[in-house]
Structures are given as structure tokens and as C-alpha cells.
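The primary structure of each chain is shown beneath.
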Amino acid sequence: MQAEAAASLITTKMDLNAIIEQMETGDQDSALAALQSYNKEMNQCFTFSNEDERDREEGSLQKHLGELVLGFLNRDLQPSCLLACLETVRILSRDKHRLDPFITRSAMLTLAHYAGIVVDITATPAHSHLVEGQVEGEGGNGEEAAEESSKMVKESSPHSENSDQEVIVEALKSICNILLHNETGQVVAADLQLIKGVAERLKQCHDPTWNHEVRFFDLRLTFLLTALRVDVRAQLAQELHGISLLGNQLDATLDLCWPDTLETARAGFESIPPEELPPLSREQTERAMEILKILFNVTFDTSRRKVDEEEAAEYRHLGAILRHCLLSHADGEERTEEFHSHTVNLLGNLPLPCLDVLLMPKVQQGSIEYMGVNMDAVNMLLEFMERKLDRGHKLKETLLPSLNLLTESARIHRETRKFLRSKVLPPLRDVKNRPEVGNALRNKIVRLMTHIDTDVKDHAAEFLFVLCKENVSRFIKYTGYGNAAGLLAARGLLRGGRDSGIYSEDEDSETEEYKEAKAHINPITGVVEEEQPNPMEGMTEEQKELEAMKLVSMFDRLSRCNVIQPMQLGMDGKMREMTPDDLHKVSHNPLVQPEEPTNSESEDDAQ
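Residues numbered from 1 in each chain as written. Predicted model: local features only at pLDDT ≥ 70, side-chain atom pairs only at ≥ 80, totals over all residues. Heavy atoms only, no water.

Going by an unreviewed UniProt entry, the protein carries the name Synembryn and comes from Acanthochromis polyacanthus. In the Subunit (unreviewed entry) part of its UniProt record, the protein is described as follows: "Interacts with some GDP-bound G alpha proteins. Does not interact with G-alpha proteins when they are in complex with subunits beta and gamma." (UniProt positions renumbered as here; feature names shortened; annotations may be inferred.)

Participant: Help me understand the overall build of the protein, please; the structure alone is not making it clear to me.
Facilitator: Each helix and strand counted, the protein has 28 helices and eight strands in total. Taking all 607 residues of the protein together, 46% fall into the buried category. Within the protein, contacts between residues at least 6 apart in sequence are counted, and of these 73% link residues at least 24 apart. (Helix = DSSP H or I, 4+ residues; strand = E, 2+ residues; numbered from the N terminus. Buried < 20%, exposed > 50% of the residue type's maximum accessible area, 1.4 Å probe, protein only. Contact = heavy atoms within 4.5 Å.)

Participant: Even after reading the chapter, I still don't get helix 8 (residues 165-181), so can you show me in this structure?
Facilitator: With 17 residues, helix 8 ought to run about 24 Å at 1.5 Å a step, and its terminal C-alpha atoms sit 25 Å apart, in line with that. Where burial is concerned, most of helix 8 is hidden: 13 out of the 17 residues are buried. The opening residue of helix 8, the one whose side-chain oxygen lies 3.3 Å from the backbone nitrogen of E166, is D164. (Expected span 1.5 Å × (residues − 1). Polar contact = N/O pair within 3.5 Å; in protein donor to acceptor, adjacent residues only side chain to side chain.)

Participant: Looking at this structure, I do not really get the pattern of salt bridges. What am I missing?
Facilitator: All chains considered together, the criterion is met by 30 salt bridges. Residue D191 pairs with R105 through a salt bridge whose shortest N-O separation is 2.4 Å. One end of the pair, D191, is in helix 9 (residues 183-191); the other, R105, is in helix 5 (residues 105-115), and 86 residues separate them in sequence. Take R105: its relative accessible area is 10%, and that puts it in the buried class. Each of the salt bridges in this network shares a partner with another, and the network as a whole consists of E408, R411, E462, E470 and R491. (Salt bridge = Lys/Arg side-chain N within 4 Å of Asp/Glu carboxyl O.)

Participant: What should I look at first to understand the pairing of strand 1 (residues 256-260) in this one?
Facilitator: Across a regular strand the side chains alternate sides, sitting on one face of the sheet and then on the other. Judged from the three bridges that link them, strand 1 and strand 2 (residues 263-266) form a sheet pairing that is antiparallel. Across the sheet, D260 pairs through a bridge with E263, a residue of strand 2. Between strand 1 and strand 2, which pair antiparallel in sequence order, lie two residues; one of them, L262, sits at a positive phi of approximately 60°. (Pairing = 2+ DSSP bridges.)

Participant: Looking at this model, I keep getting lost on the confidence of the model for the protein. Mind explaining?
Facilitator: Segments scoring low in pLDDT should not have their predicted coordinates read at a detailed level. The share of residues in the protein with pLDDT of 70 or more is 78%, and the mean pLDDT across the chain is 83. Confidence drops under a pLDDT of 50 for residues 123-143, and excluding neighbours within four residues, the segment shows 24 contacts in the predicted structure. In the model, residues 596-607 has pLDDT below 50 throughout and makes five contacts with residues more than four positions away in sequence or in other chains. (pLDDT = per-residue confidence, 0-100.)

Participant: What is the right way to look at the packing of helix 23 (residues 472-479) against helix 24 (residues 481-491) in this model?
Facilitator: For any two helices packed against each other, the geometry comes down to the angle between their axes and how far apart the axes lie. With their axes 8 Å apart at the nearest point, helix 23 and helix 24 run at an angle of 135° to one another. Judged on the interaxial angle alone, helix 24 and helix 23 are oblique. In contact with V472, F475, I476 and T479 of helix 23, helix 24 contributes Y481, N483, A484, L487 and L488. Its residues assigned to classes, the contact of helix 23 with helix 24 shows seven nonpolar, two polar and no charged. (Axes fitted to C-alpha atoms, helices over the stretch in contact; angles between N-to-C directions. Parallel < 35°, antiparallel > 145°, perpendicular 65-115°, else oblique. Nonpolar A, V, L, I, M, F, W, Y, C, P; charged D, E, K, R; others polar.)

Participant: Just to check I follow, could you spell out helix 15 (residues 309-326) for this structure?
Facilitator: Residues separated by three or four positions in an α-helix point in the same direction, a consequence of the helix having 3.6 residues per turn. Between its first and last C-alpha, helix 15 extends 25 Å over 18 residues, near the 26 Å set by a 1.5 Å rise per residue. Listed in full, the buried residues belonging to helix 15 are A312, Y315, L318, G319, A320, I321, L322, R323, H324, C325 and L326.

Participant: When you look at the side chain of E290 in this model, what are you seeing that I'm missing?
Facilitator: With respect to the element layout, E290 can be found in helix 14 (residues 282-298). In contact with E290, not counting residues within four places along its chain, are F216, L219, R220 and F223.

Participant: Is there a simple way to explain the nonpolar core in this structure?
Facilitator: Nonpolar side chains in soluble globular proteins tend to end up buried together. With 144 residues, the main nonpolar core has L65, L73, F463, F475 and L488 as its most contacted residues. Built from parts of two domains, this core gets at least three residues from each of domain 1 (241-425) and domain 2 (432-501 + 509-530). Other than its neighbours up to four places away in sequence, L65 contacts L16, I19, I20, M23, L35, Y38, T88 and L92. (Core = buried A, V, L, I, M, F, W, Y, C linked by side-chain atoms within 4.5 Å. Domains from an automatic or database assignment.)

Participant: Sorry, what's going on with the packing of aromatic side chains here?
Facilitator: Any aromatic ring pair is given by two values, namely how distant the centres are and how the planes are angled relative to each other. Following the criterion strictly, the structure yields four aromatic pairs and no others. Between the aromatic rings of F296 and F300, the centroid separation amounts to 5.9 Å while the plane-to-plane angle is 70°, which identifies the pairing as edge-to-face. If you follow R75 out to its NZ or CZ, it ends over the ring of F72, 4.5 Å from the centre. Between R266 and the ring centre of F269, over which it is positioned, the NZ or CZ distance is 6.0 Å. (Phe/Tyr/Trp six-rings, centres within 6.5 Å; stacked < 30°, edge-to-face > 60°. Lys NZ or Arg CZ within 6 Å of the ring centre and 35° of its normal.)

Laid out in C-alpha cells, this is it:
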């Protein structure tokens, strides 16, 4: 095997030397034949090594080949030679260790030219020259190369008008590879304002000129720029009106029409219910998911800040499109799940008041109606959340976006909360099984309240607490005090009461089964338990006190050895650590008493 690997390496080295010799002649035909042979052999190569001397020697040859190819790209080339050169750049740019020739300002400008996304830059930030100097050595050489490349760009016709879209796609793929692997390339791309060039073409969302690949890699490039550069993300959102731009792109991709304000339908299928629509094509789904990912980057902090009326209108328009995405299906169950995951992630970024668009469409035949409101989208979210819960895989990443979205929707929309409560917390009839036992959705979510992951545990408890209108007694009724204690302790509600949420008044209807068993339910477990024998039966008061003293003594020893930390309930409803003095008091009075309220607290309670 080692001999075969060595032979293969020697062959590759010889091939590269031969290709370089052909490129150095400067003849286009010779270069075309050599590059086509290289591209065919390396087209499926995606893994590269930089571990030993031979790898580094081959890497040096690859860098030299990259420099020669870039030199060709700055000439007037035959279409076939031009395409072969760009294919070679795409292959070479997969190797993150050999990107030096491609991350200079001049090289990026050349590739941007062939991708059709060059914009006129009147002023150049100084940091780009520093970055380029690090890559190219002498700053002056880099500036001369950049000027030569800029001259070439200005003298030739803009490539957005080039009918050969294969050239555009190859250049876009190369830029994407560079951004994915190299931070310097990211800086240069931001400095060259590539996002502006891409945005110009994204505006042409209804232009039939551009094929799927051009549109897709425009979006992929935009995604990488917004994911890797915070400044580009802000520029797209504000200066380039990214929400509107990408909303229109998503609208065109899904082929939507608008029968009414904030109500969507697929063009040509206006009278067909969403569940009966044909699935989206593979190309539509791919582009739509890229758009959703870009919008997620752009709106990442939106839910945490206030938006003005104009922004709110944009987000409601986007929300209506996202509702359509939720009710649409892709080609295949796995692709549909991925499509819906990106949709849910983005919905979670929208300002909470704008989520009312999920409830706006009129109730149609076949719609799920509750309190006169169309609940198709909310029901879809609930089913999506339950599927993620049933799979149990990476719950923090897969479950929490939908669970949190349902929680916040229920908090601000009465109809949503009441609908979800009817599905998740229906009137309680089973009083013999613990809340966490069973296959009902309530049982599944209660089980999460003791999950090992704190975020999962807290979000599950929060969801049920909101469905209970943040009422402690109702929360305990459905979950049991043991499961509820974590959230109640964190909120200072272990003494009972209600949190500060604003909810409408409605009755908590109790079933006959619950009313009959209510007096016998153990509030800790939430179920009726068989009566257990009293372990202190037959003991005198002195014996009981002695056993209590033994217990306190054991707690004291464990506490002093730092095995446990005894806690007690404070007047603020939160747990606090017990000090040695507290334990001493308890040891002299085994009937443990809660903290005595101060006068000021008593007055506050009276109010």
C-alpha cells in the first residue's frame, strides 16, 4: 500500500510539473489540454494533506499552478480555456493550505469579475492593503497587481451580461471555497463590497435569464458572507434592505401570489388547500433553504430589540411567507423536515408582535379552527415539535427552536395559548399515573422537566408554565410539585402564588375524576398513591424527637464534610443555604420552622 501511495504521489508530481511546463509556454491550446486533463483527474478530490515533506512539495507546485492560472485569467481567453482555468481554480481552492495565490486583492477582484459581482469602489479601506501585504510580501507588488486587475475589469464588458453562465457559476464556487476556508479571503471580499454586487443580481429575482445554479450560488455566497462577517450582515440588513430583498427572493422562488393582505397562495393553485398542493421541486427547496439561512443571519438580534412601524410591516410580510413555508412540502420527508427546521429557526427571530400573521388567514374548508381562528400553522408547529421530541436526538438544537416559538406565541396570543392547552394539557382525568408516565404529549414534556440538559429542562417547564397562565397551583396540578420545583425555585414561587404574566381570566375546568380524587392526590408526585404505613406509629414523643435529632445530626455531619448543602425556604420564595447557626437552631428545635417574616415583609404581604 505504501509503495502504491508513493507511486501515486510521484505520478501526481510529474503530472503537475508537466502541466506547469505547458502553462508556462503561454499557449492557450497547450494550457487548455493540460488543464482539462488535470480537472478530469482531480474533479472528485476533496481531501488534502499537509503532513510530510512530499505533501508540502506538491502543495508548492499547486500554488505555482494557481499563480499561472490567475495570470491566464487576466488575459483575453477563448471561452473553453477560460472555463478550464476557472474549473482549476475551483479545484485548487478546495485545499485550505494552498490558498495564498487566491486571497490577494487582485485575485479576488479577477474572480469577482468573472462572477459578475464587481462594484465600483471609490475608496479602499487601509486594512485591506495590510492583509494583502501579509500574503504577498511586498505591498507594492500587490498594489500593482490589483491595479492591473482593476484595469482589466474596467476595460472588459461586465460579466453579468455574459451569456455563458457556466463561467459565472465556476467563479462563484471558487469564491465560496475561499471564504469557507480563509479569514483573509473573507476580509478582502468584504473590502471589495462583493455583497453589493450579489445584491444587484438578487434584485432580478423575476428575470428568467438566470438559471438555478447562478441563483443558488449567489445565495450560497451571500450566506457565507453574512455568516462569517458581522459587518456584511449589518450592511445587507440596513444599507441594502436585506429583509425586503430576500423576502422578494423567497416570494419569487416559491412562486407565490397574494389573494389578500398577508395571505399567500401558490400561483395557479389558489383554490387548492395547502395539504393538497404538489411538493416543491428540488431546486425550489434548495434555493428557499439558502434564503431562510441568510435571513436567519440577518435577523439574528431582531427579537431582542424594538422595531418601528415600517420594519414591523416588513417582518409581517415575511412572516406570511414563512407561514406558507410551514404548510408546504418538499420532495421527500427528510427534505421537508429540513425545510421546516429552517423556517422554524427564522420564525423564532421575528419580533414577537409580528407572529400574529400565523393566525390571520381566513378559516377555509379543511382548516383547523379554534375560537374562530385558523390554527393550521400553530398545529403544524406543534406536530413538528412533537416529532423532534419523539426522535430525542440533540434536543437542544432540534427541539428548543420550536418549543420556544410556541411558548412565546402562547404568551402573547390568547387564542394560541388556549388551543395549545387543549392539545397539551386537556382536562385531567388520569390521576393514577404520574405526570411523567405515559405517551401523551403532556407526559413527554413533563419528562423533559428533569432532563440532564439545563436548557432543555428550563424551556420545557416554561412552556407548560405559560400554558397554565403562570399559575403555580395549576402548574403543580399538571406536573406534580417534584417536577415543578426547579422552575418555581428559580422564580421564587415555592410558596405558591402567580407570576407577573398578563393573561385573560378563564376557569380551570376540572373533570369528575379529578374532583373525586383531588383530596387524595399527593402534590409531590401529582397522583393518588396507595396509603403507606406510618413508620412512626407506636413511637412515643420522646422516641420521635430522638429520631429527629439523629437525622439533624447526620445532616450536620454530611454538611461539614461538604457532601451535601442543606437548604431552607426563604420568605422571598427562593431556596437559600443553611448556615451552621441555622442547623444549630434546628438541632434544638427539630420541628423545622421557615424563616420568620420581618415587619416590612408582613406589611408588603398585607398590601
